[in-house]
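Architecture and fold: a report
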Amino acid sequence: MDVLVSSTIEAFHLLFSGDAEIWEIVGISFRVSTLAIMAAVPPALIIAFFLAYGNFFGRRFLISLFNTFLSVPAVVIGLTLFILLSRQGPMGDFKLLFTQTAMGIGQFLLCLPILVCMAHVSLQSADRAAWETARTLGAGPIRAFFTVLYEIRFGLMAALLAGYGRIISEVGASMMLGGNIAHYTRNIPTAIALETSKGAFAEGIALGLVLLFLAFLLNALLQYVQGRGSINP
Amino acid sequence: MIDALQLNLSRLSKKYGRNVVLDNLKFDIASHECVLLTGENGAGKTTLLRIISGLEKPEHCEISFNAAPAGSWRKLRKRLLKSVMYLHQQPYMLSGSLRRNLEYAARLNAAIVDQESSVDRALEWAGLEALQFQSAASLSGGQKQRVALARARLRDPQILLLDEPTANLDSESRERTMQMLYEFRDTGTAIVIVSHDPEVFSDLTTRRIHLHDRQTSPADGPGSEVIDLDKVRQSQQQ
């Protein structure tokens, strides 16, 4: 218990004294995960839209497939990409393994099914009349698409936050694809794993506190937007 | 006053799975006309409106605008979405205020130069000025119907399709809606109304069509009557 208390106190000291290494790790985490989710949002919304409103062969199969991807462990994504990106792999020539790009690709694949499935549910629960109203009022398909997205913005925000929460805290894929290289691919989860294995609990707890604060912030934001949604639909 | 339009549909067929909803149907509408479409539940009235508005693709259909064939469904759909406006039985209100709903419609009409004043005029026309900053979702059914008609006024379609526009409305809201529909008709807009209550629209409509057995037949007017195709077939068999 003493170790936990003293490590936590030291963790706060590290955070508020502006320890450069800690904040560099935080910066890498946020940069990679933010870019990954920004890249995943557009295709996820388009896929979700076609799954919700489209009428094509294999639609139900694709919905099942994306739902299945929700439960794929991060290490499996990491393993698959590791094989593809390793020097002997089909994409080895790109030399992406152990780079932030590889970590970003892994996180992209991790959050894509979450975004697709949650956006799909939001679109399906939304009134199809929203799309039809926009179209009959003279909106082209792209404008009507954005109108519908605006109508379900609270559900989309929840999807975004859930996806971000998933990738910023995942360790398996980042460890395998990034290699946990200091000052380059070491992010919060991989750093926590490393510091814990070294017995440097204070650093691990400090980074854990950042993740905890982020999780709280995301949930508070989600509660806020959902609250607004219920009061003023 | 809008540009005159003559829309002719023939050999129109639509099915959902194995269920044939419309079969070899013929339907015409022109500017200044107001057609009342009647028929039993499941007769295909709403489906017909949705096809005319371009929201639903038929299995087969030959459509001409002003006697000129429209071409492929892709081109046709574009033309229909441009000329025709469909109002749902329960109009969908976009999130935000009532005014935002009208502003959205005004923004989409390239012919409107001064959006602000056009929206103000539409609000005044619908008698909704006092409610303009209220959340559109919180309006009553009658008020939503008026918002939908005000949006349609800003859209200025050549053909206006209404699905049960006075269903579940109190007498005052019904009066108001009717008044707005009269004004639409006077501008030359062709109107098609689906209703189970023909008496309400008897003065407004110029023609009445009964949808029966997946086909249309004139339901009143000089020398016409409802044709019950089932009875005709039964008598032929006997």
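All figures in this text were calculated on a predicted structure; none of them were measured in a lab. (Residues numbered from 1 in each chain as written. Chains lettered and ligands numbered in written order. Predicted model: local features only at pLDDT ≥ 70, side-chain atom pairs only at ≥ 80, totals over all residues. Heavy atoms only, no water.)

Observations regarding the interface of chain A and chain B
Many structure descriptions define interface size as the accessible area lost when the parts assemble. Short version of the rule: Should any heavy atoms of two residues lie within 4.5 Å, those residues are counted as being in contact. What gets called buried area is simply the loss in accessible area from a 1.4 Å probe that two parts show on being joined, summed for both. Only one rule defines a salt bridge in this text: a Lys or Arg side-chain nitrogen within 4 Å of an Asp or Glu carboxyl oxygen. Polar contact is defined as a pair of N or O atoms within 3.5 Å, subject to the rule that within protein one atom must be able to donate a hydrogen and the other to accept it, and that residues adjacent in sequence are counted only when both atoms are side-chain atoms. The helix count covers DSSP runs of H or I at least four residues long, the strand count covers runs of E at least two residues long, and both are numbered beginning at the N terminus. Residue classes follow a fixed rule: Ala, Val, Leu, Ile, Met, Phe, Trp, Tyr, Cys and Pro count as nonpolar, while Asp, Glu, Lys and Arg count as charged, and any other residue, Gly among them, counts as polar.
At the junction of the two partners, chain A supplies 18 residues and chain B supplies 22 residues. In total, chain A and chain B occlude about 1,900 Å² of area from one another, counting both sides; carbon and sulfur atoms represent 56% of this. There are two salt bridges connecting chain A and chain B. The salt bridge involving R50 of chain B is made with E132 of chain A; its shortest N-O contact spans 2.4 Å. Linking chain A with chain B are eight residue pairs in polar contact (both at pLDDT 80 or more). Of all the secondary-structure elements, those providing two or more residues to the side of chain A that touches chain B are α6 (129-136) and α7 (141-151) of chain A. Residues belonging to the side of chain A that touches chain B are distributed by class as follows: seven nonpolar, five polar and six charged.

Comments concerning the nonpolar core
Test applied: Nonpolar cores were defined as sets of buried Ala, Val, Leu, Ile, Met, Phe, Trp, Tyr and Cys residues, with membership established by side-chain atoms within 4.5 Å. Only protein chains enter the calculation, and the probe is 1.4 Å; a residue is then buried if its accessible area is under 20% of its type maximum, exposed if over 50%, and partly exposed in between.
Judged by nonpolar contacts, the single largest core of 59 residues is most densely connected at L102, L149 and I193 of chain B. L149 of chain B has contacts with L87, W125, L160, L162, T177, M180, L181 and F184 of chain B, leaving out every residue within four places of it along the chain. L97, I168, A206 and L211 of chain A belong to the second largest nonpolar core, which has 46 residues in total.

Observations concerning unusual backbone geometry
Non-glycine residue N180 of chain A carries a positive phi angle of around 55°. Along the chain, the position of N180 of chain A falls in the loop between α9 (172-178) and α10 (188-198). Of note, R11 of chain B is a non-glycine position whose phi angle comes to about 50°, a positive value.

Looking at the environment of D203 of chain B
Residues and elements named next belong to chain B. Checked against the element boundaries, D203 lands in the loop between β8 (190-194) and β9 (207-212). Taking the C-alpha atoms as reference points, D203 and A105, 98 residues apart in sequence, are found 29 Å from one another. Those residues in contact with D203, other than ones at most four positions away along the chain, are Y182 and R185.

Topic: the packing of helix α3 (residues 98-108) of chain B against helix α5 (residues 141-155) of chain B
Helix-helix packing is described using two parameters, namely the angle between the two axes and the distance between the axes. All names here are of chain B. Rules: Only the stretch in contact is used when a helix axis is fitted, and all axes are lines through C-alpha atoms; the angle between N-to-C directions ranges over 0 to 180 degrees. Should an angle fall under 35 degrees it is called roughly parallel, over 145 degrees roughly antiparallel, and 65 to 115 degrees roughly perpendicular, with every other angle called oblique. Crossing handedness follows the turn of the near helix against the far one: under a right angle anticlockwise gives a left-handed crossing, and clockwise gives a right-handed one.
α5 packs onto α3 with a crossing angle of 25° between their chain directions and a minimal axis gap of 8 Å. One finds that α3 runs roughly parallel with respect to α5. Between α3 and α5 lies a crossing whose hand is right-handed. Contact residues: L98, N101, L102, A105 and A106 in α3; V147, A150, R151 and L154 in α5. Here the residues of the contact of α3 with α5 sort into seven nonpolar, one polar and one charged.

What about the packing of helix α2 (residues 20-53) of chain A against α10 of chain A?
All names here are of chain A. Here α2 crosses α10 at 140°, and the two axes come no closer than 8 Å. As summarised for this structure, α2 and α10 are arranged oblique, according to the angle between their axes. Here I25, V26, S29 and F30 of α2 come into contact with α10, specifically with I188, P189 and A191. Partitioning the contact of α2 with α10 into residue classes produces six nonpolar, one polar and no charged.

Quick word on a positive patch on the surface
Quick note on the threshold: Distance thresholds for patches are 9 Å for like charges and 5 Å for nonpolar side chains (Val, Leu, Ile, Met, Phe, Trp, Tyr), applied to residues having over 30% relative accessible area and no salt bridge. Areas reported as accessible are Shrake-Rupley estimates using a 1.4 Å probe. Residue values count occlusion only from the protein chains shown. When charges are counted, Lys and Arg contribute as positive and Asp and Glu as negative, whereas His and the chain ends are disregarded. Where a charge sits is defined by one atom per residue type, namely NZ (Lys), CZ (Arg), CG (Asp) or CD (Glu).
Taken together, the side chains of R74, K78, R79 and K82 of chain B make up a positively charged region of the molecular surface. Structurally, the position occupied by K78 of chain B is in helix α2 (residues 73-83).

Focus on empty space enclosed by the protein
Note the threshold: Both cavities and pockets are sets of points on a 1 Å grid over the protein atoms alone; in a cavity a 1.4 Å probe fits but cannot get out, in a pocket the set is open with protein on both sides within 12 Å along at least five of seven lines, and lining residues sit with an atom within 4 Å of a point. Grid points are joined across faces, edges and corners, and a volume is the space filled by probe spheres set on the points.
This model, assessed by the stated rule, comprises one cavity of 30 Å³ or more. Approximately 70 Å³ is the volume attributed to the largest cavity. Lining the largest cavity, in full, are T133, T136 and L137 of chain A together with M85, Y86, L87, H88, P91, Y92, A148 and R151 of chain B. Listing elements by their share of the lining of the largest cavity, those giving two or more residues are α6 of chain A together with β6 (84-87) and α5 of chain B. Sort the elements by how many residues they give to the lining of the largest cavity and β6 of chain B lands first, with three residues. Along the lines of polarity and charge, the residues of the lining of the largest cavity split into seven nonpolar, three polar and one charged.

Function-wise, these values are silent; they only describe arrangement.
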